[in-house]
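What follows is each chain in one-letter form.
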Amino acid sequence: MARLIAADRPSTLKVETGRLARIDVPMIVVFMAAASMIAIVVLLLLFISWQGIQLFVKDGYSPGTILSPTWDPLANTPAFGLLPFIAGTLVVTAGALLISTPLSVGLAAFLSEVAPNWARSVVQPALEIFVGIPSVVWGWLGLTTLVPFLSDTFSGPLVVSLPVVGKVFSMPGFLTGFSWLAGSLVLSVMILPTITSVSYDSFRAVPQELRTGSLALGTTRWQTIRHILIPAALPGILTAVVLGMTRAAGEALAVQMVIGNSPTLPAAITQPVTTLTSQITLDMGNTVFGEPWQDALWTMSLVLLVLSIASVVLVRLINKRRMPL
Amino acid sequence: MINGYRRIGALALAATLVAAACSSAGASPTPTPAPTATPTPAAMTDTPAASTASTSTASTPTPAATPQCVSGSITTSGSTALQPLIDAAGKQYVKECPGATITVNGGGSGTGLSQVAQGAVQIGESDVKAETKLPAADAAKLVDHVIAKQGWIMVTNKDVTGVTNLTTQKATDIWTGKITNWKDVGGPDMPIVLIFRPQSSGTRATFKSVVLHGATEATGGQTLTEDSNGAVTTAVTKTNGSTSVIGFAYYNDPSNKPLLNGLQLDGVDATLANMTAGTYKLSADGNLYTLGTPAPGSLTDAFLAYLMGPEVQGTIIPSLSYAPVVPVK
Amino acid sequence: MTANHSPASLHRRTSRAIVADRAATIVLWGTAAFVLLLLGTIILHFALAAWGVVSLGFIFGDPSDTALGGVFPVFWNSIYMLALTMLIAVPVGILGGIYMSEYARETGPLGLVTSAIRFAEEAISSVPSIVVGLFGLILFVDTFRWGFTALGGAFALTLFNLPLMTRLSEQALRAVPQDERQASLALGATKWQTIRHVVLPLAIPGLVTGVILTAGRVFGEAAVLLFTAGIGTPVHYDFANFNGFGLDFNSGWWHTSPWSPLRPATTLSVYIWKLNSEGLGAFKNQLADGSAAILIGMVLIFNLGARAVGRVLTRKLTAA
């Protein structure tokens, strides 16, 4: 109804106010404002892609370099294998998701299903404050408290032995607290609010009838959460995890401060690793524009950009498959 | 009514701004504690510097202490290792020549070289020579002004007791991963943790060429890479058995020195005097680059002359743990 | 499903389910308590670290080489950068929100544009801040030859936060009941008059909340600014400096005056990064802790402020 009236009104006005009025100036202005975001994405893609492909176009490296494990920019024939950084980003992010997802989904379930109003009104603002804490502050906190804590508490190798089989698992201990684990822990706290709030929304979106129906069958609240709500909210939870993953993979400063930045393939959670973002912050200022080394850093940022846009597509795919409830 | 609320919304933002503006307006007339461009006594821990300073002053021909004043505005960017020096000298110059403006940015040696070659800044600071970074054609357009020598010192965590000196050979063995325990160089039985600067950094390049003679450093396992002097220092103080290489200024800093062990290199103390005398090897030129020779009478020219003058070479440079150079050009 | 239906087993299974339910409830409460405890510890940590460091003299004082001094120049830069960013982001974001809420079609060729805008919105939100910083570096610093400037930083922050501002505006506008629009249109107002005089005023509480939440994010951002607004050493700012003010952008005023958008601007969060990487002096840790405490304090103010302002405005508006 509203749309009909809205469409009728300007057409009568047009006659009164002349030809110029046919151009809906306000609409053009607001459209430009909204469409500026498309322009931003296009510009971002253009500039970062252009810089990112210079390593292949200008410097003559094959695109397969992206997956080569050798990073040695100072060799006679410099090697710019990005695998250590991509692998580092993946494992640090995976670690963060492993720690953060159960906590966040649990917290979302708590907020949506268990918490009385007063508890919700305490936890929700707390989460917003979590979101707002700047990443340098997380990094500073990790550097000054977590890193020393890890190296002081868990020094010495971790060996798991069974009586008959003998050693089943061993891992070097923390010589330094700068490690994969430190990075994952810092990130897990940073992405906790993201995963929680998106999961919470998807729990709230589950129709009330499913809850009452389930409870009416005599199930307990936990059974309802486990067997009804989590499956029903699964696409939303997956979306939340992907969003958390994107944020974790793109985080730069906090991670760089605590992971030790060793440009080799990740070995153990107690050992230093490196990521795409941390290597960019380490080398960007020390390299000059146009040299292959810096071009490799631009390629890293192109990889990050592609990963983040892919995650948006992934989220859309997940949500498209959401079953109509 | 509705109009009123819209105004409140706008006021909320405006109020923040006004509040900030008021407080600043309130702050500006008060005699501010001078943003000390003058040397800090705290940094004067490296006593031998004083003698070096006086020799340098004596060799400087300019008798007048006041700089040649040119008004205008220049921007510098580049090496974070040289930044404290340019900062202090710039502040002092502007204080004496109020018509001039000198904006000092960090960003790293690579940024400085790129930006000065592009003409985006007037002066680019670099720890390394332009030829090692820029394409030959670009490097040829730049003019190098060496204004100071900077030195680095090998440091360890306090728990590495009994190690006070490393020969070039031992240091090479440690940094290439041949020696992995402090007990092999007279220290405690404790694994060595190497804390590198990024491969692109001037510090690492200098160390690699001067001490390691180009040998390939150890990688992986328990090696760390930290971004900067400050991050390296923090990492060394927090990591048992760790060692790294930091600039003199960071070692002499009163908040760092008590937490670190400084090592001799080949039995030579890491002092400015030894560095100037040429016996302490781990040092490199502090380079300022300009695009072409600066026009005579320009602020860039005047500022570079000031940097070579007695005030900077004699006082500011040693106070910040750099070594002065005999004026070039 | 070979379930045993004897009453005894049913009872056993039920009681097991009840035990599991209790356990799960405890675990879920525990999760919430853990998160609150974590936040409490962090705030306490910085409160303790800031104790004896943060004072009015610290926030509004000039830096010093020989004493603790203050962080006013970087605090000013944070506020300045925030204002400059919001000056661009708020109007563009709200206008974009108006399009998405009032004009955007979901079908037809214009529907495609709408979904492209939505995709762009999500894509920018997910781009890592460091990539946005590098984009700013290449566009503003290198291509435009601006060097490191507050303006470049503000533009980079704007394009990074525009999606958030647009989405929050759209939500705020969509929350305005459809009846209000219809009533206005029925009275003969044009669509734009309706938006301007009916929808926008009614959406103000939501818009203000959106502005404040965006502001919180802008305030703490560092990675974007490292590459666009520069990392300098804080110096005393002379707010009375209008020396060389004019259209000559090469004059000193444009490069040094705290009011100028064409100077480099190191903000609080970049300053923490700088202290960690290049900090010198006996007070560097206190300065970093104090700056972090100020940032967290501001975040608290932004968040609680957003809630409070939203509540007050809503109450007044609904009462009117």
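Trainee: Which residues make up the overall build of chain A, and what values do they have?
Mentor: What chain A contains, in helices and strands, is 12 helices and four strands. When the 325 residues of chain A are sorted by exposure, 54% land in the buried category. Considering only contacts in chain A between residues 6 or more positions apart, those separated by 24 or more positions represent 70%. Accessible surface computed for chain A: about 14000 Å², of which carbon and sulfur atoms make up 69%.

Trainee: Any chance you could break down the domain arrangement of chain C for me, citing the residues and the numbers?
Mentor: With domains assigned, chain C is organised as domain 1 (3-49) and domain 2 (56-318). For domain 1 of chain C versus domain 2 of chain C, the separation of C-alpha centres amounts to 40 Å.

Trainee: Outline the interface of chain A and chain B, listing residues and values.
Mentor: Frequently, the measure chosen for interface size is the accessible area that the parts lose on association. Contact residues are listed per partner, giving 31 residues for chain A and 30 residues for chain B. Around 2400 Å² of area is buried between chain A and chain B when both sides are counted, 53% of it from carbon and sulfur atoms. On the chain A side of the interface with chain B, the three residues burying the most area are A:Leu175, A:Asn286 and A:Val288, jointly 25% of the side's total. Our count for the contact surface shared by chain A and chain B stands at zero salt bridges. Seen at the junction of chain A and chain B, the total is nine residue pairs in polar contact (both at pLDDT 80 or more). Among the secondary structure elements, those contributing two or more residues to the side of chain A that touches chain B are strand 1 (71-72), helix 6 (135-153) and helix 11 (276-283) of chain A. With four residues, helix 6 of chain A is the single largest residue contributor to the side of chain A that touches chain B. Along the lines of polarity and charge, the residues of the side of chain A that touches chain B split into 14 nonpolar, 14 polar and three charged.

Trainee: Lay out the interface of chain C and chain A with the relevant residues and their values.
Mentor: In this complex, chain C contributes 78 residues to the contact, which on the side of chain A involves 80 residues. Here chain C packs against chain A, burying approximately 7000 Å² in sum over the two surfaces, 84% of which is carbon and sulfur. Between C:Glu122 and A:Arg316 there is a salt bridge whose closest N-O contact spans 3.3 Å. Scanning the region where chain C abuts chain A turns up six residue pairs in polar contact (both at pLDDT 80 or more).

Trainee: Provide a residue-level description of the pairing of strand 1 (residues 72-78) of chain B, including the pertinent values.
Mentor: Residue and element names in this part refer to chain B. A large share of strand 1 lies buried, amounting to six of its seven residues. Alignment of strand 1 against strand 2 (residues 100-107), held across six bridges, turns out to be parallel. Bridging across to strand 2, Ser-73 finds its partner in Thr-101. Handedness of the β-α-β unit built from strand 1, helix 3 (residues 83-96) and strand 2 comes out right-handed.

Trainee: Residues and numbers for a nonpolar patch on the surface, please.
Mentor: Residues and elements named next belong to chain A. Taken together, Ile-23, Val-25, Ile-28, Val-29 and Met-32 make up a surface patch of nonpolar side chains, about 460 Å² in accessible area. For Val-29, the location among the structural elements is in helix 2 (residues 25-52). In this structure Val-29 comes out as partly exposed when scored by relative accessible area, which is 39%.

Trainee: Give a detailed account of the state of the cysteines, specifying residues and quantitative values.
Mentor: All names here are of chain B. Enumeration over the complete set of coordinates arrives at one disulfide over all chains. Cys-69 shares a disulfide with Cys-97; S-S distance 1.9 Å. With the S-S bond torsion at -80°, the cross-link from Cys-69 to Cys-97 turns out left-handed. Of this pair, Cys-69 sits in the loop between helix 2 (49-59) and strand 1 while Cys-97 sits in the loop between helix 3 and strand 2; the two residues are 28 residues apart in sequence, bridging distant segments of the chain. With relative accessibility at 46%, the residue Cys-69 sits in the partly exposed group. You can call Cys-97 buried: its relative accessible area is 2%.

Trainee: A description of the pattern of salt bridges should follow, citing residues and the corresponding values.
Mentor: Close approach of charged atoms lets side chains of opposite charge pair. Summed over the entire model, instances satisfying the criterion amount to 17 salt bridges over all chains. In this structure, A:Lys58 engages A:Asp59 in a salt bridge whose closest nitrogen and oxygen atoms are separated by 3.2 Å. With relative accessibility at 46%, the residue A:Lys58 sits in the partly exposed group. Between B:Lys178 and B:Asp173 there is a salt bridge; the shortest N-O distance is 3.8 Å. The exposure class of B:Lys178 is exposed, given its relative accessible area of 66%. Overall, B:Asp173 belongs to the buried group, its relative accessible area being 12%. Salt bridges sharing common partners tie together B:Lys129, B:Asp144, B:Lys149 and B:Asp285.

Trainee: Can you tell me about the packing of aromatic side chains, naming the residues and giving the values?
Mentor: Residues and elements named next belong to chain A. For the structure shown, the criterion picks out 25 aromatic pairs over all chains. Between Tyr-61 and Phe-80, the ring centres sit 5.3 Å apart and the planes meet at 75°, which makes this aromatic pair edge-to-face. One end of the pair, Tyr-61, is in the loop between helix 3 (54-57) and strand 1; the other, Phe-80, is in strand 2 (residues 79-80), and 19 residues separate them in sequence. Accessibility expressed as a relative area gives 2% for Phe-80, which makes it buried.

Trainee: Any details on the nonpolar core? Residues and values, ideally.
Mentor: Counting residues in each nonpolar core, the largest one holds 228 residues, and the members touching the most others are A:Trp71, A:Phe110, A:Trp138, B:Ile174, C:Phe75 and C:Phe219. No other element matches helix 3 (residues 72-103) of chain C, which puts 16 residues into this core. With near-sequence residues (within four places) excluded, A:Phe110 lies in contact with A:Ala115, A:Ala119, A:Val123, C:Leu28, C:Trp29 and C:Ala32. One finds B:Ala88, B:Val146, B:Leu304 and B:Val325 within the second-largest nonpolar core, a separate group that totals 30 residues.

Trainee: I'd like a rundown of the side chain of A:Ser199, residues and numbers included.
Mentor: Inspection of the secondary structure puts A:Ser199 in helix 7 (residues 180-204). Residues in contact with A:Ser199, not counting those within four places in the same chain, are A:Val105, A:Ala108, A:Ile237 and A:Ala240.

Trainee: Lay out the environment of A:Val147 in plain terms, naming residues and giving numbers.
Mentor: Residue and element names in this part refer to chain A. Within the element layout of this structure, Val-147 appears in helix 6. Between the C-alpha atoms of Val-147 and Gly-183, which are 36 residues apart in sequence, the distance is 9.6 Å. Those residues in contact with Val-147 that lie beyond four places of it in its chain are Gly-142, Gly-177, Phe-178 and Val-258.

Trainee: Before we move on, can you summarise the confidence of the model for chain A with the specific residues and values?
Mentor: Residue and element names in this part refer to chain A. Of the residues in chain A, 88% have a pLDDT of 70 or more, and the chain-wide mean is 86. Here helix 1 (residues 2-17) is the element of chain A with the lowest mean pLDDT, 47, and helix 4 (residues 83-114) is the one with the highest, 95. Between residues 1-15, whose pLDDT stays under 50, and residues either more than four places distant or in other chains, the model counts 11 contacts.

Trainee: Any details on the packing of helix 2 of chain A against helix 3 of chain C? Residues and values, ideally.
Mentor: Look at helix 2 of chain A against helix 3 of chain C: their axes get within 7 Å of each other, and the N-to-C directions meet at 110°. In terms of orientation, helix 2 of chain A and helix 3 of chain C fall into the roughly perpendicular class. Between helix 2 of chain A and helix 3 of chain C, the contacting residues are A:Pro26, A:Met27, A:Val29, A:Val30, A:Phe31, A:Ala33, A:Ala34 and A:Ser36 on the first element and C:Val92, C:Leu95, C:Gly96, C:Ile98, C:Tyr99, C:Met100 and C:Tyr103 on the second.

Trainee: Requested: an account of the environment of A:Met27, with residues and values cited.
Mentor: Within the element layout of this structure, A:Met27 appears in helix 2. Residues A:Met27 and A:Phe110, 83 residues apart in the sequence, show an inter-C-alpha distance of 44 Å. Setting aside residues no more than four positions away along its own chain, A:Met27 makes contact with C:Tyr99 and C:Tyr103.

Conventions and cut-offs
- Residues numbered from 1 in each chain as written.
- Chains lettered and ligands numbered in written order.
- Predicted model: local features only at pLDDT ≥ 70, side-chain atom pairs only at ≥ 80, totals over all residues.
- Heavy atoms only, no water.
- Helix = DSSP H or I, 4+ residues; strand = E, 2+ residues; numbered from the N terminus.
- Buried < 20%, exposed > 50% of the residue type's maximum accessible area, 1.4 Å probe, protein only.
- Contact = heavy atoms within 4.5 Å.
- Areas by Shrake-Rupley, 256 points an atom, 1.4 Å probe, with all protein chains shown as cover.
- Domains from an automatic or database assignment.
- Buried area = accessible area lost by both parts, 1.4 Å probe.
- Salt bridge = Lys/Arg side-chain N within 4 Å of Asp/Glu carboxyl O.
- Polar contact = N/O pair within 3.5 Å; in protein donor to acceptor, adjacent residues only side chain to side chain.
- Nonpolar A, V, L, I, M, F, W, Y, C, P; charged D, E, K, R; others polar.
- Pairing = 2+ DSSP bridges.
- Right-handed = clockwise from strand over helix to strand, strands pointing away.
- Patch = residues over 30% accessible without salt bridge, like charges linked within 9 Å, V, L, I, M, F, W, Y side chains within 5 Å.
- Disulfide = S-S within 2.5 Å.
- Phe/Tyr/Trp six-rings, centres within 6.5 Å; stacked < 30°, edge-to-face > 60°.
- Core = buried A, V, L, I, M, F, W, Y, C linked by side-chain atoms within 4.5 Å.
- pLDDT = per-residue confidence, 0-100.
- Axes fitted to C-alpha atoms, helices over the stretch in contact; angles between N-to-C directions.
- Parallel < 35°, antiparallel > 145°, perpendicular 65-115°, else oblique.

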